[in-house]
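# Analysis of the macromolecular model
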Amino acid sequence: MAPSDPILGLTEIFKADSNSSKVNLGVGVYYDNNGKVPLLECVKSAESALVGKNAARAYQPIDGNAEYNLKVQELLLGAGSTVITDGRIVTAQTLGGTGALKVGADFLRNVIGTDQVWISNPTWANHKGIFQNAGFTVNTYPYYDESRKGVDFDAMIGKLSSLPKNSVVLLHACCHNPTGVDLTKPQWDEIATVVLNNGLIPFLDIAYQGFGDSIDDDAYAVRLFVERCPNVLIANSFSKSFSLYGERIGGLSVVSGSKDESARVLSQVKTLIRTNYSNPPIHGGGIVGSVLRDSNLRGLWDQELAGMRDRIKLMRSTLAKEIMRACPDHDFSFIEAQRGMFSYSGLQKPQVDKLRADFSIYVVDSGRICVAALNSQNVGYVAEAISKVLK
């Protein structure tokens with residue numbers, strides 16, 4: 001038997017727990033204040049219109065719907081980007097952000113011929129396996145400093161500066177998973193300079209655009225690298241921002257030096273997709289494309305996304321304050337400064353184990369918690385439980 005996935009396996013244990021007060025802070029899913037995965041109003045409207053057309057279910061092109069792909073590009077780079085108008089970027093609709101990472105990894109390994117990738121320490125648990133299965137040697141660069149509850153930037157930039165040419169560097173564009181700690185704009189500028197000068201290949205993973213500050217602000221790193229570097233890969237996902245987890249809708253975008261080069265890149269990406277899953281499904285991409293195309297639905301999506309973002313920030317603030325109220329000698333204010341759905345709580349494995357055994361609160365072994373799973377009904381219980389395992 002293969003070992004259980006560290007996050008999805010935890011959910012299986014959670015489901016078997018009979019405690020009515022149980023809380024799952026492991027899986028990366030946004031829940032509303034009632035503890036439910038929301039169905040966004042913009043999605044409902046777009047879906048009703050799509051279903052009403054009673055359209056046939058013919059195969060999509062290998063790279064997916066062209067209009068959807070253009071809207072992905074505009075979301076990442078801005079509607080007025082010259083990179084788009086010059087034809088220097090190509091996008092393929094993929095099976096979620098995971099599919100985008102896998103297709104991108106296959107492209108880099110099998111077409112470009114690179115075999116070394118560097119991922120942050122720590123990073124999303126699935127990053128390592130995706131690149132290993134694509135034939136990469138997976139290395140890490142320093143990222144999180146536990147003592148300061150922030151980025152160990154000097155160590156990070158030092159490591160990246162030492163990497164050999166054509167090394168792939170995987171970067172979290174915003175809302176770093178699992179720490180919730182992001183780079184500042186000046187730090188991003190320094191990293192982009194190192195990547196450009198050392199001939200590294202940047203691969204940006206942006207699964208939480210809109211969950212940090214805003215759609216445009218969260219795309220800062222993507223737009224910076226596209227402006228500064230001739231070749232960039234970008235994996236994006238709409239699972240969180242559209243609450244379309246089960247539709248598996250994302251995209252792989254590749255920026256090249258010219259329109260001609262981009263055409264060759266797309267031909268290679270399509271060949272990889274064809275021998276993997278042939279082409280993407282229609283429904284999820286149709287919903288996202290419809291929302292992004294319609295100005296009224298796009299405005300509604302912006303409002304709903306802002307509501308999710310603000311609720312997460314409220315839960316961050318409430319959790320930090322409640323823990324410090326119960327344990328005045330512990331400073332948890334760093335949780336409020338983190339961004340996105342996740343928080344590196346600082347809890348150690350024995351404390352994580354005690355939370356599970358004594359309170360049926362499920363947290364991954366690293367102490368990462370999904371702040372988006374907290375709500376007004378359970379945040380007090382979680383804070384009280386954490387305060388007890390700290391004592």
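Right, let's walk through the structure included here. (Residues numbered from 1 in each chain as written. Predicted model: local features only at pLDDT ≥ 70, side-chain atom pairs only at ≥ 80, totals over all residues. Heavy atoms only, no water.)

This paragraph deals with empty space enclosed by the protein. To find leftover empty space, a probe the size of one water molecule is rolled over the atoms. Under the criterion given, the structure shown has three cavities of 30 Å³ or more. Considered as a void within the structure, the largest cavity measures approximately 50 Å³ in volume. Lining the largest cavity are Leu75, Ile206, Gln209, Ile215, Asn236, Ser237, Phe238, Ser241 and Trp301. By residue class, the composition of the lining of the largest cavity is five nonpolar, four polar and no charged. (1 Å grid on protein atoms, 1.4 Å probe; cavity = no way out; pocket = protein on both sides within 12 Å on 5 of 7 lines; lining within 4 Å. Points joined across faces, edges and corners; volume = space filled by probe spheres on them. Nonpolar A, V, L, I, M, F, W, Y, C, P; charged D, E, K, R; others polar.)

Further remarks concern helix α5 (residues 96-112). Across its 17 residues, α5 extends 23 Å between first and last C-alpha, which sits within 8% of the 24 Å expected from 1.5 Å per residue. When α5 is considered as a whole, its buried residues turn out to be Gly96, Gly97, Gly99, Ala100, Leu101, Val103, Gly104, Ala105, Asp106, Phe107 and Leu108. (Helix = DSSP H or I, 4+ residues; strand = E, 2+ residues; numbered from the N terminus. Expected span 1.5 Å × (residues − 1). Buried < 20%, exposed > 50% of the residue type's maximum accessible area, 1.4 Å probe, protein only.)

Another aspect to go through is the state of the cysteines. Enumeration according to the criterion identifies zero disulfides in this entry. Left unpaired, Cys42 is separated from the closest cysteine sulfur, that of Cys174, by 18 Å. Taking the relative accessible area as the measure of exposure, Cys42 reaches 0% and is therefore buried. Distance from the sulfur of Cys174, which forms no disulfide, to the nearest cysteine sulfur (Cys175) is 4.1 Å. (Disulfide = S-S within 2.5 Å.)

On to the side chain of Gln73. Along the chain, Gln73 turns up in helix α3 (residues 66-77). Residue contacts for Gln73: discarding those within four places in its chain leaves Gly78, Ile84, Ile89, Val90 and Thr91. (Contact = heavy atoms within 4.5 Å.)

Ile191, Phe225, Trp301 and Leu319 are the most contacted members of the largest nonpolar core, which has 104 residues in total. Broken down by element, the residue count for this core peaks at nine residues, all from helix α13 (residues 295-326). Sequence-distant contacts of Ile191, defined by excluding residues within four places in its chain, comprise Phe153, Met156, Ile157, Leu160, Leu171, Leu183 and Phe225. In terms of nonpolar packing, the next biggest core, distinct from the first, is built from 29 residues, Ala100, Phe203, Leu252 and Leu272 among them. (Core = buried A, V, L, I, M, F, W, Y, C linked by side-chain atoms within 4.5 Å.)

With five of its five residues buried, strand β7 (residues 168-172) lies for the most part within the structure. Side chains Val168, Leu170 and His172 project from β7 onto one buried face, and the interleaved Val169 and Leu171 project onto a second face that is buried too. Pairing between strand β3 (residues 116-121) and β7: two bridges, direction parallel. Across the sheet, residue Val117 finds its bridge partner in β7, namely Val168. Sheet analysis places β7 next to strand β8 (residues 201-206), joined by five bridges and oriented parallel. (Pairing = 2+ DSSP bridges.)

Purely spatial values, then, with no claim about function.
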